[in-house]
Amino acid sequence: MKYVFFDIECACVYKSVAKICAFGYVVTDGEFRVLEREDILIDPKGKFHLTDRKGREGIVLPYAYEDFKKYPPFKAAYPKIKSLLEQKDALVIGHATLNDVKYLCLETKRFKLPSFDFEFYDTQFFYMNAQKSFFRQCGLETMAKDLGVEFTPHRAVDDAYATMRVCEALCKREGTNAEGLIDRYGIRAGKLSGYQIRNVDSDGLKHYSAEREEQKERQARLHREFYRFVNRQMNRRSIGGELEGHVFCFSKDLEEETAISLKLAGAIFAAGGKYTSHPADCNVFIAREAGGVRYQCAIDSGAAFIPLEKFKSALKGV
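The rules behind each value
- Residues numbered from 1 in each chain as written.
- Predicted model: local features only at pLDDT ≥ 70, side-chain atom pairs only at ≥ 80, totals over all residues.
- Heavy atoms only, no water.
- Helix = DSSP H or I, 4+ residues; strand = E, 2+ residues; numbered from the N terminus.
- Rg over C-alpha atoms; globule rule 2.2 N^0.38 Å.
- Buried < 20%, exposed > 50% of the residue type's maximum accessible area, 1.4 Å probe, protein only.
- Contact = heavy atoms within 4.5 Å.
- Areas by Shrake-Rupley, 256 points an atom, 1.4 Å probe, with all protein chains shown as cover.
- Lys, Arg positive; Asp, Glu negative; His and termini not counted.
- Charge placed at Lys NZ, Arg CZ, Asp CG, Glu CD.
- Pairing = 2+ DSSP bridges.
- Axes fitted to C-alpha atoms, helices over the stretch in contact; angles between N-to-C directions.
- Polar contact = N/O pair within 3.5 Å; in protein donor to acceptor, adjacent residues only side chain to side chain.

**Some details on the overall build of the protein chain**
- Along its length, the protein chain carries 11 helices and 13 strands.
- Against the globule reference of 20 Å for 318 residues, the protein chain gives a C-alpha radius of gyration of 27 Å, more extended than a compact globule.
- When its C-alpha atoms are laid out on the principal axes, the protein chain stretches across 80 × 45 × 35 Å.
- Within the protein chain, the proportion of its 318 residues that are buried is 46%.
- Of the contacts formed within the protein chain by residues at least 6 apart in sequence, a portion of 67% connects residues at least 24 apart.
- When the accessible surface of the protein chain is totalled, it reaches about 16,800 Å², and 50% of it is carbon and sulfur.
- Within the protein chain, one finds 49 positive and 45 negative side-chain charges whose respective centroids are separated by 5 Å.

Structure below.
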């Protein structure tokens with residue numbers, strides 16, 4: 001079994017356009033011995049408009065942009081890229097591979113070429129399964145640092161090589177090879193075929209997703225319970241109490257901790273206070289600690305912040 005590691009750079013990426021300017025690849029045997037490596041440069045047939053993942057300017061590719069005009073367009077590189085990725089005796093592996101697969105799909109459509117047809121894996125996804133951590137995607141540099149791999153972002157072929165080294169280091173840590181990781185964690189390949197993309201999946205991700213859905217449903221249930229209480233009781237609040245004129249808002253996690261939040265809200269209403277779900281409309285914000293979007297919104301609107309424990313103590317005297 002051979003491994004094909006690849007990385008793509010684009011001159012620009014929009015919702016339905018990704019103009020590829022470099023396709024870097026490294027082919028190894030099953031022991032990660034390099035058999036072939038190359039940086040295929042491509043004339044993107046368009047201007048360069050480079051942004052980071054948040055859409056901000058700032059990415060600088062390690063190439064002289066004017067040099068790209070010396071190379072043929074994607075249509076000329078397509079046969080070689082297709083033969084590399086569609087080898088029957090190879091595992092195709094990238095990092096955050098879904099993005100690069102989308103770029104390939106968009107370019108074949110732009111040049112009216114037949115769709116690629118291959119399965120792919122993802123070192124980022126290998127790492128997430130090995131760490132049993134699916135809530136955060138790790139960049140190649142972060143993974144390289146954790147696995148003791150030297151990594152300097154450079155050309156596409158260098159990123160493909162770094163991806164290979166990271167995969168090798170992860171396999172070494174796990175005491176297996178890439179196929180062993182796939183079997184151990186029940187990882188299913190992603191696929192591009194007929195211009196349709198299916199992303200990678202695994203038993204661990206399915207379990208995590210199910211737990212997340214269960215947690216969301218539980219939070220939604222507690223949220224509804226809290227606001228049913230608020231809507232029912234606020235209109236029955238005492239008038240002229242010590243908290244008259246004060247409008248409270250809790251942090252979201254505190255709202256959902258109904259064993260505490262219902263008692264606090266009841267005490268507020270009993271003393272003449274009101275409650276709002278909108279932090280910008282409150283004049284007192286309650287949370288276990290400072291921080292978060294709700295907290296900042298309340299503070300920016302002029303609300304006072306009272307830590308939960310201090311507020312509970314103060315209520316005893318009301």
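Next, the rest of the story.
**Observations regarding the sheet that holds strand 7 (residues 190–193)**
- Taken in spatial order, the seven strands make up an open sheet running 3-2-1-4-5-7-8, and their pairing is mixed. Of all strands in the sheet, those bounded by a partner on one side alone are strand 3 (34–41) and strand 8 (196–198). Here the strands of the sheet are splayed against their neighbours by 25° on average, with no regard to which way each runs.
- One ladder, built from three bridges, connects strand 5 (residues 118–122) with strand 7; its direction is antiparallel. Pairing of F118 across the sheet is with L192, part of strand 7.
- Across the sheet, helix 2 (residues 97–110) lies against strand 1 (2–13), strand 2 (18–28), strand 4 (90–94), strand 5, strand 7 and strand 8, angled at about 65° from strand 1, the strand it touches most.

**Quick word on the sheet that holds strand 10 (residues 247–250)**
- Reading across the sheet, the four strands line up as 11-10-12-13 and stay open at both edges, with parallel pairing between neighbours. Both edges of this open sheet fall to strand 11 (274–275) and strand 13 (304–307), since each of them pairs with a single strand only.
- The sheet contact formed by strand 12 (residues 284–287) and strand 13 spans four bridges and is parallel. Within strand 13, the position partnered with I286 by the bridge is I306.
- Across the sheet, helix 9 (residues 258–270) lies against strand 10 and strand 11, angled at about 175° from strand 10, the strand it touches most.

**Considering unusual backbone geometry**
- In this structure, A96 takes a positive phi of about 50° despite not being glycine.
- Along the chain, the position of A96 falls in the loop between strand 4 and helix 2.
- Residue K132 is not a glycine yet carries a positive backbone phi of 55°.
- For K132, the position within the fold is in the loop between helix 3 (123–131) and helix 4 (140–147).

**Some thoughts on helix 3**
- The element helix 3 is extensively covered by neighbouring structure, given that eight of its nine residues are classed as buried.
- Taken together, the buried positions of helix 3 are T123, Q124, F125, F126, Y127, M128, N129 and A130.
- Backbone nitrogen of Q124 and a side-chain oxygen of the N-cap are separated by 2.9 Å at the start of helix 3; the cap is D122.
- Once helix 3 ends, the next one or two residues include K132, with phi positive near 55°.

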